[in-house]
Amino acid sequence: DQQVKQNSPSLSVQEGRISILNCDYTNSMFDYFLWYKKYPAEGPTFLISISSIKDKNEDGRFTVFLNKSAKHLSLHIVPSQPGDSAVYFCADYNQGGKLIFGQGTELSVKP
Amino acid sequence: NAGVTQTPKFRILKIGQSMTLQCTQDMNHNYMYWYRQDPGMGLKLIYYSVGAGITDKGEVPNGYNVSRSTTEDFPLRLELAAPSQTSVYFCASSETGKETQYFGPGTRLLVL
């Protein structure tokens, strides 16, 4: 059964510090993962992705790391800003090309 | 571009009532999706479509119906609303099945 799990429902970080959001997966078909960010009363927006040919992908303050042997990926935000406060979802593609989402982690960045 | 638009933003239904959630995209995307998000949960796929005239069930299709008569529109129909359908519904689209999905702002539905 293909699954994506985010075991931390919430995370609180001080502004300027690093935020680390974690995601575990099982039975990935393509080893291609995405992170989405969601603000209240808005739809999710794509943030960053990573494929199996890399173990790291960086985009500005956002870096995603993939550890295939541990079936684990993490999103690092450095430095964290109050505007980063949102719910973050990791997602994986299944064989039919449909996204499977984790439960989400609500990040709160305090000034 | 408006992207993906959804109406209404919020609706209260009584048990047994029916309604249609509207979704329109202006990006000429072939793929469209309906998800629901329950509190503390990830998004669950209800139905999806790979093009006009083609629809298929996702993970949680029971109690819903869809149609795709045009590329732009993908309405979601609830025939007999139940309290278990209280949720936030998101429509999304993508150019192909393996690219980034673009989401609408969501419809919050409360069934009492």
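As a reminder, the structure under discussion sits directly above these lines.
Undergrad: Describe the packing of aromatic side chains, naming the residues involved and giving the relevant values.
TA: Per the counting criterion, the structure on display carries 12 aromatic pairs over all chains. An angle of 75 degrees between the planes, with centres 6.2 Å apart, marks the rings of Phe101(A) and Phe103(B) as edge-to-face. Note that Phe101(A) is positioned in strand β10 (residues 99–101) and Phe103(B) in strand β10 (residues 102–103), a pairing that runs across two chains. Take Phe101(A) and Phe103(B): they sit in the same class, and that class is buried.

Undergrad: Please set out the interface of chain B and chain A residue by residue, giving values where relevant.
TA: Listed as interface residues are 18 residues of chain B and, on the opposing side, 17 residues of chain A. Around 1400 Å² of area is buried between chain B and chain A when both sides are counted, 62% of it from carbon and sulfur atoms. For the chain B face of the interface with chain A, the top three residues by lost area are Leu43(B), Lys98(B) and Phe103(B), together amounting to 32%. Linking chain B to chain A there are 0 salt bridges. The interface formed by chain B and chain A contains 2 residue pairs in polar contact (both at pLDDT 80 or more). Put simply, the parts of the chain that give the side of chain B that touches chain A at least two residues each are β4 (31–37) and β5 (43–51) of chain B.

Undergrad: If you had to explain the sheet that holds strand β1 (residues 3–5) of chain A to someone new, which residues and values would you point to?
TA: All names here are of chain A. Overall, antiparallel pairing links the 5 strands, which are arranged β1-β3-β8-β7-β6 in an open sheet. This sheet does not close on itself; its edge strands, each paired only once, are β1 and β6 (56–59). For this sheet, the mean angle separating the axes of adjacent strands, direction not counted, is 15 degrees. The pairing of strand β3 (residues 19–26) with strand β8 (residues 72–77) spans 6 bridges and is antiparallel. In the sheet register, Asp24 faces β8, and the bridge partner there is His72.

Undergrad: Let's hear about the state of the cysteines: which residues, and what values?
TA: All names here are of chain A. Counted under the stated rule, the structure contains 2 disulfides over all chains. The residue that forms a disulfide with Cys23 is Cys90, at a sulfur-sulfur distance of 1.9 Å. With the S-S dihedral at roughly 70 degrees, the linkage between Cys23 and Cys90 falls on the right-handed side. Separated by 67 residues along the polypeptide, Cys23 in strand β3 and Cys90 in strand β9 (residues 86–93) bring together distant segments of the chain. Classification of Cys23 by relative accessible area gives buried; the value is 1%. On the accessibility criterion, Cys90 (1% relative accessible area) is buried.

Reading the values: rules and limits
Residues numbered from 1 in each chain as written. Chains lettered and ligands numbered in written order. Predicted model: local features only at pLDDT ≥ 70, side-chain atom pairs only at ≥ 80, totals over all residues. Heavy atoms only, no water. Phe/Tyr/Trp six-rings, centres within 6.5 Å; stacked < 30°, edge-to-face > 60°. Helix = DSSP H or I, 4+ residues; strand = E, 2+ residues; numbered from the N terminus. Buried < 20%, exposed > 50% of the residue type's maximum accessible area, 1.4 Å probe, protein only. Contact = heavy atoms within 4.5 Å. Buried area = accessible area lost by both parts, 1.4 Å probe. Salt bridge = Lys/Arg side-chain N within 4 Å of Asp/Glu carboxyl O. Polar contact = N/O pair within 3.5 Å; in protein donor to acceptor, adjacent residues only side chain to side chain. Pairing = 2+ DSSP bridges. Axes fitted to C-alpha atoms, helices over the stretch in contact; angles between N-to-C directions. Disulfide = S-S within 2.5 Å.

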